[in-house]
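Next come the chains, spelled out residue by residue.
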Amino acid sequence: MKKSRAPVICANWKMYKNIEEALAFIDVVIPVAEQSDCEVLIAVPFTAIRSCADRVRGTRISIGAQNMNDATAGAFTGEVSASMLQEAGATFVIVGHSERRRLFGETNSFIHQKIKRALDVGLRPIVCIGENYEERENGATHAVLKMQLQECLGDISKEATSHLMVAYEPNWAVGTGLPANPETVHQAIDDCRAFLGELWSSADAQRVTFLYGGSVDVQNAATFLQTPNIDGLLIGSVSLDPDSFAKIISLRQNVGAR
Ligand code: 13P
């Protein structure tokens, strides 16, 4: 099945890698990314954004952040604004990751504000959504995803759709070694796209890039990339190893241009 959106492979390093380690990783991945038709994104710790962005200049790799604050400036000790990220060289930002929702109490309305602010300064948001184990067991997945999309994206202008990425990351699959079944992911993204079609129009919903994240590894990545509806991958622990990450980027070549 031909997919119209560019394939995306995104690393989320979480709170790992100092600057030296980050640059060594990038040096391994640049030549592989150059051979690829994928957009290669790396979400690095704040402290490594500037150095990594300098290192990837002129390559196919983009550097982003894993979080931001929704305010433009203010007395918010320890927080970082969208424009600060952009100034440091980030071109995208992950918002609403399940770890931020679960460990730091982030709500859909806070995430919604962050998305607006990111778009204001031209940062591409990767909006993470996903149900937890109980919600799936109780048959609430559809309702949960719909509410997350409604509350996070409800009044986002449809002009933003081509800059938006949504990552479907079921909480029970994140960091557990238990990836979702590709058919389950296909169905969830289908539901999400249909809902976004109601919010905007189906043509606008088609422009949104959907990623899957949760226990992606070198063995299962090709199957996800071949699954209709999945435009790319958001990879946590396996993305810390440059050889594994490079392998997943090059897998895309074997899966074939879409
Ligand atoms: P894992 O790939 O380690 O399951 O993490 C996924 C994730 O959180 C990506 O954002």
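The structure under discussion appears in the preceding block.
Student: So what about the site of the ligand? Which residues, and what values?
Tutor: Close to the ligand lie Asn12, Lys14, His97, Glu169, Ala173, Val174, Gly175, Gly214, Ser215, Leu234, Gly236 and Ser237, which account for all nearby residues. In the environment of the ligand, an oxygen atom lies 2.7 Å from a nitrogen or oxygen atom belonging to the side chain of His97. Take Gly175: an N or O atom from its main chain is 2.7 Å from an oxygen atom of the ligand. Starting from 310 Å² of accessible surface for the ligand in isolation, the protein chains cover 98%.

Student: How would you sum up the pairing of strand β4 (residues 92-95)? Please name residues and give values.
Tutor: On any regular strand, side chains alternate: one points to one face of the sheet, the next to the other face. Side-chain alternation along β4 places Phe92 and Ile94 on one buried face and Val93 and Val95 on a second face that is also buried. Judged from the 2 bridges that link them, strand β3 (residues 61-65) and β4 form a sheet pairing that is parallel. Residue pairing in the sheet places Gly64 in a bridge with Phe92 of β4. The handedness of the β3 to β4 crossover, carried by helix α3 (residues 82-88), is right-handed. By the bridge criterion, 4 bridges tie β4 to strand β5 (residues 124-129) in an arrangement that is parallel. Among the inter-strand pairings, Val95 is bridged to a residue of β5, identified as Val127.

Student: Describe the packing of helix α7 (residues 141-153) against helix α8 (residues 182-199), with residues and values.
Tutor: In contact at an axis separation of 10 Å, α7 and α8 are set at 40° when each is read in the N-to-C sense. On the basis of the axis angle, α7 is oblique to α8. α7 and α8 meet at a crossing whose hand is right-handed. Residues His142, Leu145, Lys146, Leu149, Gln150 and Leu153 of α7 form the contact with α8, whose own contacting residues are Ala188, Asp191, Cys192, Phe195, Leu196, Glu198 and Leu199. Residues of the contact of α7 with α8, tallied by class, amount to 8 nonpolar, 2 polar and 3 charged.

Student: Hey, could you go over the state of the cysteines for me, with residue numbers and the actual values?
Tutor: Here is the idea: a disulfide is a covalent bond, and it sits between the sulfur atoms of two cysteines. Going through the model one piece at a time under the given rule, you end up with 0 disulfides. The structure places no disulfide on Cys152, whose sulfur is separated from the nearest cysteine sulfur, that of Cys128, by 9.8 Å. Here Cys152 falls in the buried class, since its relative accessible area comes to 0%.

Student: Give me the lowdown on the sheet that holds strand β2 (residues 39-43), citing residues and values where you can.
Tutor: Here we have 8 strands rolled up into a closed barrel, ordered β1-β2-β3-β4-β5-β6-β7-β8, and parallel in their pairing. Averaged over neighbouring strand pairs, the angle between their axes works out to 25° when direction is ignored. With 4 bridges connecting them, strand β1 (residues 8-12) and strand β8 (residues 232-235) associate as parallel partners. Residue pairing for β8: Ala11 is matched across the bridge by Ile235.

About the thresholds
Residues numbered from 1 in each chain as written. Predicted model: local features only at pLDDT ≥ 70, side-chain atom pairs only at ≥ 80, totals over all residues. Heavy atoms only, no water. Near = heavy atom within 4 Å. Polar contact = N/O pair within 3.5 Å; in protein donor to acceptor, adjacent residues only side chain to side chain. Areas by Shrake-Rupley, 256 points an atom, 1.4 Å probe, with all protein chains shown as cover. Buried < 20%, exposed > 50% of the residue type's maximum accessible area, 1.4 Å probe, protein only. Helix = DSSP H or I, 4+ residues; strand = E, 2+ residues; numbered from the N terminus. Pairing = 2+ DSSP bridges. Right-handed = clockwise from strand over helix to strand, strands pointing away. Axes fitted to C-alpha atoms, helices over the stretch in contact; angles between N-to-C directions. Parallel < 35°, antiparallel > 145°, perpendicular 65-115°, else oblique. Left-handed = near helix turned anticlockwise from the far one by under 90°. Contact = heavy atoms within 4.5 Å. Nonpolar A, V, L, I, M, F, W, Y, C, P; charged D, E, K, R; others polar. Disulfide = S-S within 2.5 Å.

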